[in-house]
Amino acid sequence: ELLELHTLGLDGGYTQDEVTELARLLCGLTVTQEAPADGAGNYQRRVLRFDPDLSDGRPCTLLGRRFEAAAPDARFDRVREALELLASHPSTARFVATKLAEHTVAVPAPEPLVADLAVEYLESGGDLRAMIHALARHPLFWDSVEAPRLSTPLDYGLRLARTTGLPQVDYSLREFLRNSGMGLFDRATPDGYPEEDAAWADTNGLMQRWRWVQDVPWAVRTLVPDMSRRYSGGDPLAWAQRAVDHAAVRLTGWTLGDSSNAAALKFLQDDEGPAWRRVDAVTQLVCRLPEANLK
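Residues numbered from 1 in each chain as written. Predicted model: local features only at pLDDT ≥ 70, side-chain atom pairs only at ≥ 80, totals over all residues. Heavy atoms only, no water.

A. Spotlight on the side chain of Asn-293. Counting through the fold element by element, Asn-293 comes out in the segment after α15 (275-288). If we skip the residues at most four places from it in the chain, Asn-293 touches Arg-149, Leu-150, Ser-151, Tyr-156, Arg-209, Cys-287 and Arg-288. (Helix = DSSP H or I, 4+ residues; strand = E, 2+ residues; numbered from the N terminus. Contact = heavy atoms within 4.5 Å.)

B. Structural context of the layout of surface pockets. Size it by volume and the largest pocket reaches roughly 940 Å³. Lining the largest pocket are 29 residues; nearest its centre among them are Leu-5, Phe-95, Lys-99, Glu-102 and Asp-191. Put simply, the parts of the chain that give the lining of the largest pocket at least two residues each are α1 (2-6), α4 (90-104) and α8 (153-164). Considering each element in turn, the lining of the largest pocket owes the most residues, eight residues, to α4. Taken together, the residues of the lining of the largest pocket break down into 11 nonpolar, eight polar and 10 charged. (1 Å grid on protein atoms, 1.4 Å probe; cavity = no way out; pocket = protein on both sides within 12 Å on 5 of 7 lines; lining within 4 Å. Points joined across faces, edges and corners; volume = space filled by probe spheres on them. Nonpolar A, V, L, I, M, F, W, Y, C, P; charged D, E, K, R; others polar.)

C. Region of the structure containing α15. When the terminal C-alpha atoms of α15 are compared, their 20 Å separation across 14 residues agrees well with the 20 Å that a helix rising 1.5 Å per residue should span. With 11 of its 14 residues buried, α15 lies for the most part within the structure. Of all the residues in α15, the buried ones are Ala-275, Arg-278, Val-279, Asp-280, Val-282, Thr-283, Gln-284, Leu-285, Val-286, Cys-287 and Arg-288. Buried positions along α15 lie against α8, α10 (203-215), α11 (217-220), α12 (226-229), α13 (236-252) and α14 (258-270). (Expected span 1.5 Å × (residues − 1). Buried < 20%, exposed > 50% of the residue type's maximum accessible area, 1.4 Å probe, protein only.)

D. Representation of the nonpolar core within the structure. Residues Trp-212, Leu-256 and Cys-287 are the most contacted members of the largest nonpolar core, which totals 33 residues. Within the residue set of this core, elements represented by two or more residues are α8, α9 (171-179), α10, α11, α13, α14 and α15. Beyond its immediate chain neighbours, meaning those up to four positions away, Trp-212 contacts Tyr-156, Gly-157, Leu-160, Leu-166, Ser-172, Leu-173 and Phe-176. (Core = buried A, V, L, I, M, F, W, Y, C linked by side-chain atoms within 4.5 Å.)

By themselves, these figures tell us nothing about what the structure is for.
So this is what it looks like as structure tokens:
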């Protein structure tokens with residue numbers, strides 16, 4: 001899994017013998033349940049540690065690099081060196097670049113974009129922040145704006161939580177992700193959740209978004225400031241537009257498209273009841289419109 005899913009990728013150029021060699025190098029890495037050293041409290045925490053007594057010190061070769069036999073106290077250094085070797089490999093650069101491009105631009109990712117991001121990875125020493133900056137400057141990234149991607153449940157959930165101040169450990173968010181088929185750490189297979197838009201466009205997935213917004217009205221209403229939730233006279237259409245724009249820009253970074261904006265204004269104007277209640281209702285509608293469901 002380290003070779004296939006996190007570094008080189010399935011076609012990264014490793015052999016089955018190297019899978020075995022790496023497994024021997026990694027022997028000794030383990031996770032334990034440990035109490036605090038000061039004895040405070042009765043809780044335990046999971047700690048990653050290296051146990052020399054469980055390690056294998058025999059010589060081995062990985063990607064052409066010879067690891068000589070090592071005494072127990074020097075074996076963890078071989079593990080670190082192996083990880084650095086994998087992290088700096090050109091196949092890892094392409095693998096990470098492909099994942100980033102597919103998540104943000106298209107599946108499959110455009111080859112020129114992958115190649116340029118892979119160069120950035122190698123030149124920056126694997127700096128993901130530098131890769132994000134390179135992605136944001138790339139013309140192929142901006143070309144993709146014309147064909148926006150559907151947000152995954154995780155993208156949608158975290159965006160709404162962060163924008164509204166809903167705690168990201170909130171039970172309702174975890175339930176939303178689980179009901180949408182993207183529970184945290186719940187993927188049954190080690191390949192990770194799919195990036196294709198079609199995987200998240202089924203009826204259940206979209207209905208879960210609709211329901212979740214309805215379940216957390218106290219959070220959603222914060223998208224519009226209190227002063228804009230009250231109508232104090234003046235042009236009612238201008239007031240309605242301000243309320244819709246507040247919700248849309250805070251949630252998506254942009255105002256709504258013409259069709260969605262017209263629908264939101266009509267909904268707000270046709271609704272009955274006090275101004276604040278109508279604004280709360282249209283804010284929930286904004287969270288359900290196509291713009292709110294796109295990356």
